[in-house]
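A closer look at the structure
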Amino acid sequence: MSVNKKVVKDTIAVRKGEELNYELLGHCLKKELTFLSNEPLEVEQFSAGSSNLTYLVRIGEWEAVLRRAPLGPVNTKAHDMLREYKVLKEMHPVFPLAPKPYIFIEDSSIIGAPFYIMERRHGVLLEKVLPEVQDGNVKLFREVSDTMVDTLVSLHDIDYKKTGLINMTRPDGFLERQVHGWIGRYEKVKTEEITKIEQLKGWILSNMPISPPATIIHYDFHINNVMFTKDNLSQIAGVLDWEMSTVGDPLTDLASALVMWHEDSDPEFFKFHNNNSPITTRKGFMTRNEFIEAYSKKSGRDVSYMHYYMVFAYFKHIVIAQQLYYRWKNGQTNDERFSNLDQFVKLLNEWTLEQTLANN
């Protein structure tokens, strides 16, 4: 299908306060990657994402992506660059949609933190390239939905025991650790008492199901972390942001994928959060229930308890927003995108609790 695609640049000038030491970085890259030319280093920043900092680095015709933890005090487990690098080293050979990592640099004196370099995948984010129309792309949007389901199923079908992930992960007790871990993260960054969050935490703790057999999970597999090929928007060019990937409950991965798979009935504050244009509300995209049913049919997994997993996924989203607001409130970042997230946290919690009790 021919689609009138917009040309959208995915990088920006490096944000103030997030600059790198170009001289030291250029010297380091040329020392580690001896095939590089003597041309000067150029750096831009990827505008998408709000967790780890991601940069485009270029020397002559060569391009790659640099990933480092955000500025200020961070959760070392959530922003462990060495672990993310090792995960990609294991994933790329068995799941080629994962970018190939090149080098890991532990020396913090280069740019202020450990970092790694990986290949740059060329593709497009659907929400940035498709015109704002409600018709004409129904067939394409159904194909995109099917591709997303198929890709998640194929990831979960990989035998993690045949990869090095078996030595890096703890599948047993994953869901219980996740629930307690995310509740603990919220407590560490809490900026005020919110009664309804306590209600939501109580429900999550008291309704935990028994997990199915563990699989490799991406754990952030939403449509804005997937690049599609420019010439065929139903084909995936790369899956990005593997920082949360591990081996665990595959239904947590399915739920995480669907948190940002918006529907028309979702509240406005959530659909248009961070000025996003929720493409999945357009005609042709699967609903969340259709996505769940398609996943169940293709994977053979029981999805009877998906309501629980969705509630927990929304709670995780609440915690992530609170973490970002906490960093802004405490002066650890100047990114104004985070300045009103306290209100977003309250609204998303209220809506999640309403959905929880309505389906209880």
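Keep in mind that what you see is a predicted model, and the values were worked out from it rather than measured.

**Here we look at the layout of surface pockets**
Its boundaries defined by the atoms lining it, the second largest pocket holds a volume of some 360 Å³. Residue lining of the second largest pocket: 15 residues in total, with R288, N289, H307, M310 and N359 positioned closest to the centre. Per-element tally for the lining of the second largest pocket: the top contributor is helix α10 (residues 306–329), with five residues. In terms of residue class, the lining of the second largest pocket is built from six nonpolar, six polar and three charged.

**A closer look at α10**
With 24 residues, α10 ought to run about 34 Å at 1.5 Å a step, and its terminal C-alpha atoms sit 34 Å apart, in line with that. Burial within α10 is extensive, with 18 of its 24 residues counted as buried.

**Here we look at the pattern of salt bridges**
Any two side chains of opposite charge can pair, so long as their charged atoms come close to each other. This model, assessed by the stated rule, comprises 21 salt bridges. Put simply, D241 and R67 hold a salt bridge, and the shortest N to O gap is 3.1 Å. With D241 in the loop between β9 (236–239) and β10 (246–248) and R67 in strand β4 (residues 62–68), the pair connects residues that are 174 residues apart, well separated along the chain. Between E268 and K271 there is a salt bridge, and its shortest N-O distance comes to 3.1 Å. In this pair, E268 and K271 both sit in helix α8 (residues 268–271), three residues apart, roughly one turn of the helix. Each of E42, E44, R58, E63 and R120 takes part in salt bridges that share partners, so that together they form one network.

**Re the sheet that holds β4**
Taking strand neighbours across the sheet as the criterion, the six strands line up as β1-β2-β3-β4-β6-β5 in an open arrangement whose pairing is antiparallel. The strands lining the two open edges of the sheet, one partner per strand, are β1 (11–12) and β5 (101–105). When strand β2 (residues 41–46) meets strand β3 (residues 53–59), the two strands line up antiparallel, connected through five bridges. The residue of β3 that forms the bridge with E42 is R58. Contacting β2, β3, β4, β5 and β6 (115–119), helix α1 (residues 22–32) crosses the sheet at an angle of about 105° to β2. Of the strands in this sheet, β4, β5 and β6 touch helix α2 (residues 81–94), which is tilted by about 160° from β5.

Reading the values: rules and limits
Residues numbered from 1 in each chain as written. Predicted model: local features only at pLDDT ≥ 70, side-chain atom pairs only at ≥ 80, totals over all residues. Heavy atoms only, no water. 1 Å grid on protein atoms, 1.4 Å probe; cavity = no way out; pocket = protein on both sides within 12 Å on 5 of 7 lines; lining within 4 Å. Points joined across faces, edges and corners; volume = space filled by probe spheres on them. Helix = DSSP H or I, 4+ residues; strand = E, 2+ residues; numbered from the N terminus. Nonpolar A, V, L, I, M, F, W, Y, C, P; charged D, E, K, R; others polar. Expected span 1.5 Å × (residues − 1). Buried < 20%, exposed > 50% of the residue type's maximum accessible area, 1.4 Å probe, protein only. Salt bridge = Lys/Arg side-chain N within 4 Å of Asp/Glu carboxyl O. Pairing = 2+ DSSP bridges. Contact = heavy atoms within 4.5 Å. Axes fitted to C-alpha atoms, helices over the stretch in contact; angles between N-to-C directions.

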